[in-house]
There are 2 protein chains.
Amino acid sequence: MTSSLSIALVGSGNVAWHLGHAFEQAGHRIVSVYSRSLIKAEFLAESLLQAHPTHQLDFSLVKADVFILALKDDAVEEVLQRAVFPVNSLVVHTSGSLPITIFTNQSKIRGGVFYPVQTFSKEVAINLKQTPIGVEASNSADLSLLKNLAESISEQVIELPTEARQIIHLAAVFACNFTNHLLGISQEILEKYQIDFSVLQPLITETLQKAFTHSPFQVQTGPAVRFDQNILIQHQQLLQHYPNYLAIYNTLTESIQQKAQELAALNQLYTQE
Amino acid sequence: MTSSLSIALVGSGNVAWHLGHAFEQAGHRIVSVYSRSLIKAEFLAESLLQAHPTHQLDFSLVKADVFILALKDDAVEEVLQRAVFPVNSLVVHTSGSLPITIFTNQSKIRGGVFYPVQTFSKEVAINLKQTPIGVEASNSADLSLLKNLAESISEQVIELPTEARQIIHLAAVFACNFTNHLLGISQEILEKYQIDFSVLQPLITETLQKAFTHSPFQVQTGPAVRFDQNILIQHQQLLQHYPNYLAIYNTLTESIQQKAQELAALNQLYTQE
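Owing to the predicted nature of the structure, the values given are computational and were not obtained by experimental measurement. Residue positions are counted from 1 within each chain, in the order its sequence is given. As they are written, the chains are lettered A onward and the ligands numbered 1 onward, keeping that order. Given that the model is predicted, a residue must reach a pLDDT of at least 70 before its local features are reported, and side-chain atom pairs must reach 80 or more before they are shown or counted; all residues, however, enter totals for whole chains, interfaces and linings. To obtain the side-chain values, all non-hydrogen atoms of the structure were included, while hydrogens and water were left out.

**Overview of the UniProt feature "domain: Putative oxidoreductase/dehydrogenase Rossmann-like" (unreviewed entry) in chain A**
To keep it simple, the criterion reads: UniProt positions are given in the numbering used here, feature names are shortened, and annotations may be inferred rather than shown by experiment. To qualify as a helix, a DSSP run of H or I must reach at least 4 residues; to qualify as a strand, a run of E must reach at least 2; elements of each kind are numbered from the N terminus.
UniProt feature "domain: Putative oxidoreductase/dehydrogenase Rossmann-like" (unreviewed entry): in the numbering of this structure it lies at residues 4-103 of chain A. As annotated, residues 4-103 of chain A has a helix share of 31% and a strand share of 23%, and its two end C-alpha atoms lie 25 Å apart.

This is the structure:
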């Protein structure tokens, strides 16, 4: 059972939008919404029950149990330098990569992290209940406040020290940002030949499902892992006018083949025992 | 309404397994199952109603409307050289990359292609109805036979000439094989820090869904597309003991940044008009 908290949102983008509404549904009160653009602050504030919109960074009169900086990484440090918080406020950021130590110079506030491991778009509803939220704080009382707050909107709350959080962020770059770029390349190649990207949707969906029920390296398929030289050459020729995509093709092929050789060597070791 | 066909499966792996059962459910008859290993041929044949298992490549007495080579690419050419088919049989392969011209030297048979755009594992049930099947043949009667056969098990049947099929295969390497390797890297990085890969599942699922409802290049996120030099350096340092993964990181980062600059230049062009 969580007590109801008063929350100030610093930021009005996708993260602020989704968190704000989830907090309200969980019984908390959003007291204030900041954006550099007053119109944007008003837009989010008006969709909430009793939030006050502002484009001023002077929060000295705002009574909130926690200030949530839902901002891009580079904006976080800038806002921290310029904003005025009530003395001894709890201020947390939502970033995957910024260390908790960015708050160290801010002796007048208590710093923390509230990191939802998810990508947010305004138009897409997110199941926050299933979204892992990593929390970090500089003392145990704040940690337990942040855990309670996270557990009021998610079933997947983890204590996540800065280093582990940065590792998750790096892993997410591979699994999501890079994956997205590969899907873009795939779509571009198909569209050049007037083939709709949807032709690959069942295959992609299945690949993903397999990656979570098996170990991805163990279920690797394709010409690289088969060392199928004919196909590799055919593909390299098809990519000759796409130097970046050819570089990606070759770099990934090499990594897949080296991993396959490592796994084969390991298997042999086990067999010999 | 499709007439019932007699089908010989040449191969007993995952593709043969899934196609064989789907054909039977659609009212066709599997008359024969070949595998180099008689035990494997028997295993699949016994799961079908009236299929005869064999490990001999002499099919001269097999009465089938179509012989389906459900084999790895390199095995297809070998089997074509050694197998004996009844004169003028229709023989098709199921490969994404082999051209239809591999049948040209086989003057005694009619060649064709029956390519399900999917990845098959024995233990995973596949919704073949939603799996695109690309067909190709050397004459219109065979093309319509293959189309009817494909339509009896799938709602997504397309005529696919060799070049378009090879492009789909190349696009699938990016969207599936490479994506799978990236997921493997992501898992390896997390496990080194005792973090379970499942922490990224909601984020990966959401990334995928977004890629099919938006254009992937348009919804690219992450430090590369933000040109966030601090995070890029942090990640490169974390990857210093993984030279292959660092190479992938840098190659993909460069491609993402170049694509972002292209899109920005295009947007500017449109704005100026």
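**Details of the relation of the copies chain B and chain A**
As a reminder, the rule being used: Least squares is used to superpose the copies, and the fit set is the C-alpha atoms of residues whose pLDDT is at least 70 in both copies. Only heavy atoms matter for contacts: two residues are in contact if any of them lie within 4.5 Å across the pair.
Overlaying chain B on chain A yields an RMSD of 0.0 Å, the required transformation being a rotation through 180° with an accompanying axial translation of 0.0 Å. A rotation of that kind, with that shift, is consistent with a two-fold axis. Across chain B, the rotation axis passes nearest the C-alpha of Thr 179 of chain B, at a separation of 2.7 Å. Both copies share a contact surface, since 100% of the interface residues of chain B are interface residues in chain A too.

**Structural notes on the sheet that holds strand E4 (residues 66-69) of chain A**
Residues and elements named next belong to chain A. Let me state the cut-off plainly: In this analysis, strands are considered paired if DSSP registers two or more bridges between them. Axis definition: a line fit to C-alpha positions, over the contact stretch in the case of helices; interaxial angles, taken between N-to-C directions, run 0 to 180 degrees.
Spatially, eight strands are ordered E3-E2-E1-E4-E5-E6-E7-E8 in an open sheet, and the strand pairing comes out mixed. Each having just a single partner strand, strand E3 (52-54) and strand E8 (157-159) make up the two edges of the open sheet. Averaged over all adjacent pairs, the angle separating strand axes in this sheet is 25°, with direction ignored. Of the pairings in the sheet, the one linking strand E1 (residues 6-10) to E4 comprises four bridges and is parallel in character.

**A few points about a nonpolar patch on the surface**
Let me state the cut-off plainly: A patch consists of residues exposed above 30% relative accessible area that lack any salt bridge, with like charges linked at up to 9 Å and nonpolar side chains (Val, Leu, Ile, Met, Phe, Trp, Tyr) linked at up to 5 Å. Residue-level accessible areas treat just the shown protein chains as cover; the underlying method is Shrake-Rupley with a 1.4 Å probe. Here, a salt bridge means any side-chain nitrogen of Lys or Arg that lies within 4 Å of a carboxyl oxygen of Asp or Glu. Each residue is placed in one exposure class: buried if its accessible area under a 1.4 Å probe, protein chains only, is under 20% of its type's maximum, exposed if it is over 50%, and partly exposed if it falls in between.
A grouping of Leu 266, Leu 269 and Tyr 270 of chain A is seen on the molecular surface, where their side chains present a nonpolar patch of about 330 Å² in accessible area. Taking the relative accessible area as the measure of exposure, Leu 269 of chain A reaches 49% and is therefore partly exposed.

**Section: the domain arrangement of chain A**
All names here are of chain A. Threshold: All the domain ranges listed were derived from an automatic or database domain assignment. Accessible area that two parts lose when put together, evaluated with a 1.4 Å probe and summed over both, is termed the buried area. Throughout this description, a polar contact denotes any pair of N or O atoms lying within 3.5 Å of each other; where both atoms belong to protein, one of them has to be capable of donating a hydrogen while the other can accept it, and for residues adjacent in sequence the pair is counted only when both atoms sit in side chains. Note that Gly is not counted as nonpolar here; it falls among the polar residues with everything else outside the nonpolar set of Ala, Val, Leu, Ile, Met, Phe, Trp, Tyr, Cys and Pro and the charged set of Asp, Glu, Lys and Arg.
On domain assignment, one finds that chain A holds domain 1 (6-160) and domain 2 (165-272). For domain 1 and domain 2, the distance between their C-alpha centroids amounts to 37 Å. Taken together, the twelve residues of domain 1 in the interface contact four residues of domain 2. When domain 1 packs against domain 2, close to 650 Å² is buried across both sides, 53% of that on carbon and sulfur atoms. In this assembly, domain 1 and domain 2 are joined by one salt bridge. Here domain 1 and domain 2 share four residue pairs in polar contact (both at pLDDT 80 or more) between them. Counted by class, the side of domain 1 that touches domain 2 contains seven nonpolar, four polar and one charged residues.

**Description of the state of the cysteines**
Cut-off, in case you're wondering: In what follows, a disulfide is any cysteine sulfur pair within 2.5 Å.
Taken as a whole, this structure holds zero disulfides over all chains when the rule is applied. We note that Cys 176 of chain B lacks a disulfide partner, and the nearest cysteine sulfur, in Cys 176 of chain A, lies 16 Å from it.

**Details of the pairing of strand E1 (residues 6-10) of chain B**
Residue and element names in this part refer to chain B. Selection criterion: The definition of a right-handed crossover adopted here requires that, viewed with the strands pointing away, the path from the first strand over the helix to the second runs clockwise.
Counting buried positions over the five residues of E1 gives five, a clear majority of the element. Residues Ser 6, Ala 8 and Val 10 point to one face of E1 and Ile 7 and Leu 9 to the other, with burial holding for every one of them. Across five bridges, the pairing between E1 and strand E2 (residues 29-34) is parallel. If you follow Ala 8 over to E2, its bridge partner there is Ser 32. Handedness of the crossover joining E1 and E2 through helix H1 (residues 14-25) is recorded here as right-handed.

**Overview of the interface of chain B and chain A**
Interfaces are frequently sized by the accessible area removed from exposure as the parts join. Listed per partner, the contact involves 85 residues of chain B and 86 residues of chain A. Carbon and sulfur atoms supply 71% of the area buried between chain B and chain A, which totals about 8,300 Å² over both sides. Our count for the chain B to chain A interface comes out at three salt bridges. The residue Arg 226 of chain B makes a salt bridge to Asp 73 of chain A at a minimum N-O spacing of 3.9 Å. One can count 26 residue pairs in polar contact (both at pLDDT 80 or more) joining chain B with chain A.

**Description of the side chain of Ser 95 of chain B**
All names here are of chain B. Looking at the secondary structure, you find Ser 95 in the loop between strand E5 (89-93) and strand E6 (109-116). Side-chain polar atoms of Ser 95 contact the backbone nitrogen of Leu 98, separated by 3.0 Å. If we skip the residues at most four places from it in the chain, Ser 95 touches Asp 73, Val 113, Tyr 115 and Arg 165.

**A few points about the packing of aromatic side chains**
Residues and elements named next belong to chain A. Selection criterion: Note on aromatic pairs: the rings of Phe, Tyr and Trp (six-membered ring only in Trp) are paired at centre separations within 6.5 Å, and the planes decide the class, stacked below 30 degrees, edge-to-face beyond 60, tilted for the rest.
Counting across every chain of the model gives 22 aromatic pairs over all chains. Between Phe 59 and Phe 67 the ring centres are 5.8 Å apart and the planes differ by 50°, which places this aromatic pair in the tilted class. Here Phe 59 matches Phe 67 in class, with each residue buried. Each residue in the set Tyr 34, Phe 59, Phe 67 and Phe 85 is aromatic and connected to the rest through ring pairs, giving one cluster.

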